[in-house]
Amino acid sequence: MTDSAIGPVARVTGAEAKRVKREVLGIADRRKHHKRRATPLKSRVKEPGMQQRVYRFRFYPSPVQAEQLVSTFGACRWVYNEGLALRVGAWEKHRVSVGFAETCRALTGWRRAEGTSWLGAVSSTVLQQALRHLETAFSGFFRGTAKYPQRKRKHRSRDSATYVRTGFRWVEDPERPGTGLVTLAKQSEPLDVRWSRALPGGTVPVKLTVTRDRAGRFFLSVLVEERIDPLPPVFLPEGSEPKAVGLDLGLASLVTLDDGTKLDHPRLLKKYENELARLQRELHRKQRGSKNRNKARLRIARLYALIGDVRRDMLDQFTTRLVRENQVRATRGRSIQVAVFRMGEIPEIRLGPVSRPVPTPTCVAGNGGV
């Protein structure tokens, strides 16, 4: 029987809630500063004029590092699911609200328990960030901007781990400012990062996120704070009017500009359809759970990763040219989502379903707007 059928059930608070958390849920009481009233955490204050930007690099871990990272991914996924089960069970069975602080205290108990002592091999800050992501998911649900949090599955969810400032060591290379050595917590050797571009010199990363895609590639996302210089405004040669461009997203051509320039579809699936079909046939011939089946799956994942990389690179180059050469962009197409940034930043166009046409053209500002 649902709550709506029997009426709303009062939330348990006060001493009774503390007793349920301690005796039933196994959440220890606050020990540090227990006499001080709990206050919500404040967001990090940025310096005036500073903006956050994420740089993404590929790195190649050693076998020992890869094994430790895989264990970290599994521990983060387990802690996320266990924290979700704890919060859901506490509310459904006892009408007790469990937040981020309570799940962190429960994490301490999980790390000390005999059955889950393997969590001690993973940095506690990384596991706390997994609980922080769970708190963010619940906050989005309560605001109405996201769905209810779901459990993470081993072979369906993205492998990721977030390291805050206390979870890694950064040593900048004096000969190449903006690059350096990154050593993660619980690891003794720095990562072999391919610095495709340099970070802002003299800055210390705020946060690192390590991810692994389905093709087995490892990536390092570095969050830094820097000052982003705006691009100069773009005007027409014969006057002071801002230069504008119109975009029409369609099916025959991916994008058609108002001057007739067309960006054709890469049609990568059609290009690789024969190879994909051959690899899929090989995959279904392999026995489930065998090493050969996993090798076949990796070959398919690498091909799909190649297709995704080509698509993203094409859109990045095209949208960068648009934002640098124009001041105003007007878009008309079919059910698209256009993310437009301020002057000096690269916009990203995400193509969604093409079933519903947009009723009216959408005008968005370019380099600072007009």
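For the structure, check the block above.
The notes below deal with the structure included here.

What to know about the packing of helix 4 (residues 100-112) against helix 5 (residues 124-143)
Piece 1. Interaxial distance between helix 4 and helix 5 falls to 10 Å at its minimum, and their mutual angle equals 145 degrees. When the axes of helix 4 and helix 5 are compared, the crossing they make is right-handed. Where helix 4 abuts helix 5, its residues Phe 100, Thr 103, Cys 104, Leu 107 and Arg 111 lie against Ser 124, Leu 127, Gln 128, Leu 131, Arg 132 and Glu 135.

Details of the pattern of salt bridges
For side chains of opposite charge, pairing can occur when their charged atoms come near one another.
Piece 1. Across all of its chains, the model carries 16 salt bridges by this definition.
Piece 2. Of the charged contacts in the structure, one is a salt bridge between Glu 282 and Arg 278, with a shortest N-O distance of 3.0 Å. Here Glu 282 pairs with Arg 278, and both are found in helix 7 (residues 273-285), just four residues apart, close to one helical turn.
Piece 3. One salt bridge connects Arg 312 with Asp 309, and the closest N-O pair in it is separated by 2.7 Å. You can see Arg 312 and its partner Asp 309 sitting in helix 8 (residues 291-325), three residues apart, about one turn around the helix.

Digging into the sheet that holds strand 5 (residues 193-194)
Piece 1. Within the open sheet, the five strands sit side by side as 2-6-7-1-5. Their pairing is antiparallel. Bordering the open sheet on either side are strand 2 (159-163) and strand 5, each of which pairs with just one other strand.
Piece 2. Across the sheet, helix 3 (residues 63-94) is in contact with strand 1 (51-59), strand 2, strand 6 (207-212) and strand 7 (218-226); its angle to strand 2 comes to roughly 90 degrees.

Regarding unusual backbone geometry
Piece 1. Even without being glycine, Arg 95 reaches a positive phi, approximately 55 degrees.
Piece 2. The phi dihedral of Arg 267 falls on the positive side, at around 50 degrees, and the residue is not glycine.
Piece 3. Topologically, Arg 267 is positioned in the loop between strand 10 (262-263) and helix 6 (268-271).
Piece 4. With relative accessibility at 46%, the residue Arg 267 sits in the partly exposed group.

Describing a nonpolar patch on the surface
Piece 1. Together, Phe 141, Phe 142 and Tyr 148 make up an exposed nonpolar region whose accessible area comes to about 310 Å².
Piece 2. Tracing the sequence through the fold places Phe 142 in helix 5.
Piece 3. Judged by relative accessible area, which is 62%, Phe 142 ranks as exposed.

What about the nonpolar core?
Piece 1. Tyr 163 and Leu 184 are the most contacted members of the largest nonpolar core, which has 41 residues in total.
Piece 2. Beyond its immediate chain neighbours, meaning those up to four positions away, Leu 184 contacts Leu 69, Tyr 163, Gly 167, Phe 168, Leu 191, Leu 208 and Val 210.

Details of the packing of aromatic side chains
Piece 1. Scanning all chains against the criterion turns up 11 aromatic pairs.
Piece 2. Note on Phe 141 and Tyr 148: the rings are 4.9 Å apart at their centroids and 90 degrees apart in plane angle, and the pair reads as edge-to-face.
Piece 3. Phe 141 sits in the partly exposed class, given a relative accessible area of 31%.
Piece 4. Aromatic rings pair up to connect Tyr 55, Phe 57, Trp 170 and Trp 195 into one cluster.
Piece 5. When the ring centre of Phe 100 is taken as origin, the NZ or CZ atom of Arg 132, which lies over that ring, is 3.8 Å away.
Piece 6. Positioned over the ring face of Tyr 80 is Lys 152, at 4.4 Å from the centre of the ring.

Some thoughts on helix 4
Piece 1. Taking 1.5 Å per residue as the helical rise, helix 4 with its 13 residues ought to reach 18 Å, and the 19 Å between its terminal C-alpha atoms agrees with that figure.
Piece 2. By the burial criterion, the buried members of helix 4 are Phe 100, Glu 102, Thr 103, Cys 104, Ala 106, Leu 107 and Trp 110.
Piece 3. Here the buried face of helix 4 lies against helix 2 (14-24), helix 3 and helix 5.

Some points on empty space enclosed by the protein
Piece 1. Counting across every chain of the model gives two cavities of 30 Å³ or more.
Piece 2. Of the volumes computed, that of the largest cavity is approximately 120 Å³.
Piece 3. Around the largest cavity sit 14 residues that line it, and Cys 76, Arg 77, Lys 152, Ser 160 and Ala 161 are the ones nearest its centre.
Piece 4. Taken together, the elements giving at least two residues each to the lining of the largest cavity come down to helix 3, helix 5 and strand 2.
Piece 5. Broken down by class, the residue content of the lining of the largest cavity amounts to five nonpolar, five polar and four charged.

The rules behind the values
Residues numbered from 1 in each chain as written. Predicted model: local features only at pLDDT ≥ 70, side-chain atom pairs only at ≥ 80, totals over all residues. Heavy atoms only, no water. Axes fitted to C-alpha atoms, helices over the stretch in contact; angles between N-to-C directions. Helix = DSSP H or I, 4+ residues; strand = E, 2+ residues; numbered from the N terminus. Left-handed = near helix turned anticlockwise from the far one by under 90°. Contact = heavy atoms within 4.5 Å. Salt bridge = Lys/Arg side-chain N within 4 Å of Asp/Glu carboxyl O. Pairing = 2+ DSSP bridges. Buried < 20%, exposed > 50% of the residue type's maximum accessible area, 1.4 Å probe, protein only. Patch = residues over 30% accessible without salt bridge, like charges linked within 9 Å, V, L, I, M, F, W, Y side chains within 5 Å. Areas by Shrake-Rupley, 256 points an atom, 1.4 Å probe, with all protein chains shown as cover. Core = buried A, V, L, I, M, F, W, Y, C linked by side-chain atoms within 4.5 Å. Phe/Tyr/Trp six-rings, centres within 6.5 Å; stacked < 30°, edge-to-face > 60°. Lys NZ or Arg CZ within 6 Å of the ring centre and 35° of its normal. Expected span 1.5 Å × (residues − 1). 1 Å grid on protein atoms, 1.4 Å probe; cavity = no way out; pocket = protein on both sides within 12 Å on 5 of 7 lines; lining within 4 Å. Points joined across faces, edges and corners; volume = space filled by probe spheres on them. Nonpolar A, V, L, I, M, F, W, Y, C, P; charged D, E, K, R; others polar.

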